[in-house]
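A structural walkthrough
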Amino acid sequence: MRRFLLLYATQRGQAKAIAEEICEKAVAHGFSADLHCISESDKYDLKTETAPLVLVVSTTGNGDPPDTARKFVKEIQDKTLPADFFAHLRYGLLGLGDSEYTYFCNGGKIIDKRLRELGAQRFCDTGHADDCVGLELVVEPWIDGLWAALTKHFMSSRGKQEMNGALTMASNGSWRTDPMKPELLHIESQVELLRLDDSGRKNSEVLEQNAVNGGQSNALVADCESSLTRSIPPLSQASLHIPALPPEYLQVHLQEPLGQEESQVSVTSVDPIFQVPISEAVQLTTNDAIKTTLLVELDISKTDFSYQPGDAFNVICPNNDSEVQNLLQRLQLEDRREHRVLLQIKADTKKKGASLPQHVPEGCSLQFILTWCLEIRAVPKKAFLRALVDYTSNGAEKRRLQELCSRQGAADYNRFVRDARASLLDLLLAFPSCQPPLGLLLEHVPKLQPRPYSCASSSLFHPGKLRFIFNVVEFLSNTATVVLRKGVCTGWLATLVESLLQPHTCASHANGGRALAPEISISPRTTNCFHLPNDPSVPIVMVGPGTGIAPFIGFLQHREKLQEQHPDGHFGAMWLFFGCRYKDRDYLFREELRRFHKLGILTHLKVSFSRDASAGEEEAPAKYVQDNIRLHSKQVARVLLQENGCIYVCGDAKNMAKDVNDTLVEIISKEAGVEKLEAMKTLATLKEEKRYLQDIWS
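Residues numbered from 1 in each chain as written. Predicted model: local features only at pLDDT ≥ 70, side-chain atom pairs only at ≥ 80, totals over all residues. Heavy atoms only, no water.

As recorded by an unreviewed UniProt entry, the protein chain carries the name Methionine synthase reductase and is attributed to Equus przewalskii.

Next comes the structure, spelled out in structure tokens:
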């Protein structure tokens, strides 16, 4: 068989799942894929690789390659490598991203750009899949086109025709190759992203339009709306193109309980885990605020856990207990919840390279695994839906699951599964004749990820303590029934601290032992450069609306202690752009910020109120942080362009981070008197120099 090397760089398993799908399909097309994680550098060698290379690369929220690709990227970024280092290499790359983030698909773009700089040539066009509109809009046509491109590559006598004769793999415009110049690969602003948004949405709209105009009268359609469990013509009458059945590979044995203790420490983690007590909890918002924001303080004095301001850490959290019980009940495994789960690979499996899931600890109870190890809230992928089809006995339910995983049902999948945040439990309740075995769930339900939080304190200011803040997330899951859910971690934490919670009006004092302090498990996040400059004389601009203020409280506390220790030292200016909805409801750390400002530690405090226009602290009230930045464009530009300062942005990625990014482009263009393109390049340079730093989330 014709061999190719298939590497994936994954953060949360998405790129791995797609790479495994490519690997499975390769055999049917006459190819053999050599599949590895990009971090497994001992298993492949690109310097001597003669077969074509296929890469599937995801992107973190900050626009970086995933953690698994850090070593690979560092090695290929070596400036001493010659320009023909990879001249022998022919490759195709599929980038995964989300256009709601500023640096869309940047992980893939960084690798793509560097491979070309080192002489590698594409044998097929690069794909950029957008999770904002549905990855499959790009992924499916890209994979379909991959086989033709590989065939052409192997037919080429010397493999030199690939670049000139590269196949155009998508005729329907649902994906693109980037015409942007290499220097723009670092930064893609909101305006450019609209193109992909539009193309993706058009595809969804076409399918939805077809579903409405399939030869049925509008009156009939109105009487019969589509839903998670029901389709309407033309989809309900269409011939379906459904994905291949993923081969099963796990054999599960449930063993009688042995009565041993289980703890969170059984959760698998590459980082050390620390169990620490909660010493304090304060509600920072009023009861009539739109979101409830809590501050939690952890006592780390009896551990080796250390941090510096700007660091983040992981909280290891469980799934909601009632959801776990409901899932056990639906699976008819309630009476075996305490049984030990023993796994082995099926002897007759057709899955290539099958291995036991590393996130399922050996010999733990079923209850423990569903509570601490599996992301049971995860939206099931199409491959999982396809696998569920074969365990569904009712004909109508089977057909609907086939539709939802089919190419023709993409719009319905997006609308009723992905966008509705349907979980496995939601699907099983909606399709009662579906009776999947436990092994299938363990194959398809991903690892329950720890949740990252920014440190909101300085260990100089609060020795032996670690503080963090969060909004208690609430959302409607609109599947078969409308359910109000809380975030997996924030809902759990809010319940955990109820007994020690102080109202927002209370001063921040020790808890005084009113209640037995609950413990949580945390682990450090080591890959972070969101830190204060080593030189304290460097001026900094901090942008952090809402809970994005967290790391900057740590920065300010740290700076206060440094100034106490070095009263004659030279300290650079500190600007803070903070924003919230209402001055009297959700102005987080108001008294602390005013104190820092009064002491001169915080040189400039600029606050905007999006729902309290009259409460703005400027002559021309600013609604959002980017409006306030614009009002002070000369000063911000001077800090960044003349004083060699740094800018830090923390908070919401979907809107705020992109709007701030675009505002920075705008003010650099205006104040430096350069074109927008040049301003974007300047901002990209600041990011490369670690002077434009982001800690953002969705």
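We are not done yet, so read on.
**Comments concerning helix α18 (residues 633-641)**
Basically, it comes down to this: Each residue's exposure class comes from its accessible area (1.4 Å probe, protein chains only) as a fraction of the maximum for that residue type: buried when under 20%, exposed when over 50%, partly exposed otherwise. Runs of E in the DSSP output that reach at least two residues are strands. Runs of H or I that reach at least four are helices, and both are numbered from the N terminus. This arc is taken over the directions from the axis of the helix to the C-beta atoms. What makes two residues a contact is simply this: any of their non-hydrogen atoms within 4.5 Å.
Buried within α18 are the following residues: S633, V636, A637, V639 and L640. Burial along α18 is one-sided: seen end-on, the buried residues are contained in an arc of 160 degrees. Elements that come into contact with the buried residues of α18 comprise β18 (540-543), β19 (574-580), α17 (625-631), β21 (646-652), α19 (653-672) and α20 (676-688).

**Some points on the sheet that holds β18**
How we decide: When DSSP finds two or more bridges between two strands, those strands count as paired. Note on method: axes are straight lines fitted to C-alpha atoms, helices fitted across the in-contact stretch only, with angles between N-to-C directions ranging 0 to 180 degrees.
Strand order in this open sheet of five strands is β20-β19-β18-β21-β22, and the pairing throughout is parallel. A single partner strand is all that each edge strand has here, and the edge strands are β20 (604-609) and β22 (692-697). When strand polarity is set aside, the average angle formed by the axes of neighbouring strands in this sheet is 10 degrees. Relative to β20, β19 runs parallel, the two being bridged by six bridges. Of the residues in β20, the one forming a bridge with F578 is V607. In the packing of α19 onto the sheet, the strands contacted are β18, β21 and β22, and the crossing angle to β21 comes to about 155 degrees.

**Some points on the pattern of salt bridges**
The condition is simple: Salt bridge criterion: a side-chain nitrogen from Lys or Arg within 4 Å of a carboxyl oxygen from Asp or Glu.
Counted under the stated rule, the structure contains 44 salt bridges. The salt bridge involving R386 is made with D390; its shortest N-O contact spans 2.9 Å. Owing to a relative accessible area of 12%, R386 belongs among the buried residues under this scheme. A residue is classified by how much of its surface remains accessible, and D390, at 43% relative accessible area, is partly exposed. With a shortest N-O distance of 3.6 Å, E591 and R590 are connected by a salt bridge. Taking relative accessible area as the criterion, R590 reaches 23% and is therefore assigned partly exposed. Among the ionic contacts, a cluster of salt bridges with common partners joins E140, D144, K382 and R407.

**A look at helix α10 (residues 395-405)**
Spelled out, the test is: Under this definition, polar contacts are N or O atom pairs within 3.5 Å; protein pairs additionally need one hydrogen-donor-capable and one acceptor-capable atom, and for neighbouring residues in sequence, both atoms have to be side-chain atoms.
Looking only at α10, the buried set comprises E397, R400, L401, E403, L404 and C405. Where α10 is buried, its residues contact α9 (382-389) and α11 (410-418). Structurally, the start of α10 carries an N-cap: the backbone nitrogen of A396 is 3.0 Å from a side-chain oxygen of N394.

**Comments concerning the state of the cysteines**
Counted only if it meets this: We call a pair of cysteine sulfur atoms a disulfide whenever their separation is within 2.5 Å.
Evaluated as defined, the whole model comprises zero disulfides. Of the cysteine sulfurs around C373, a residue in no disulfide, the closest is that of C364, at 6.3 Å. Judged by relative accessible area, C373 falls into the buried class, the value being 2%.

**Describing the pairing of strand β8 (residues 274-283)**
The buried count for β8 comes to eight of 10 residues, which makes it a mostly enclosed element. Summarising the sheet, β8 and strand β17 (residues 519-524) pair through four bridges and their orientation is antiparallel. In the strand pairing of β17, V276 is matched with I520. In terms of strand pairing, β8 meets strand β9 (residues 293-299) through five bridges, oriented antiparallel. Each residue of the ladder has a partner; that of V282, found in β9, is L295. Pairing analysis gives two bridges linking β8 to strand β16 (residues 501-502), with the strands arranged parallel. Paired with A281 across the two strands is L501, which belongs to β16.

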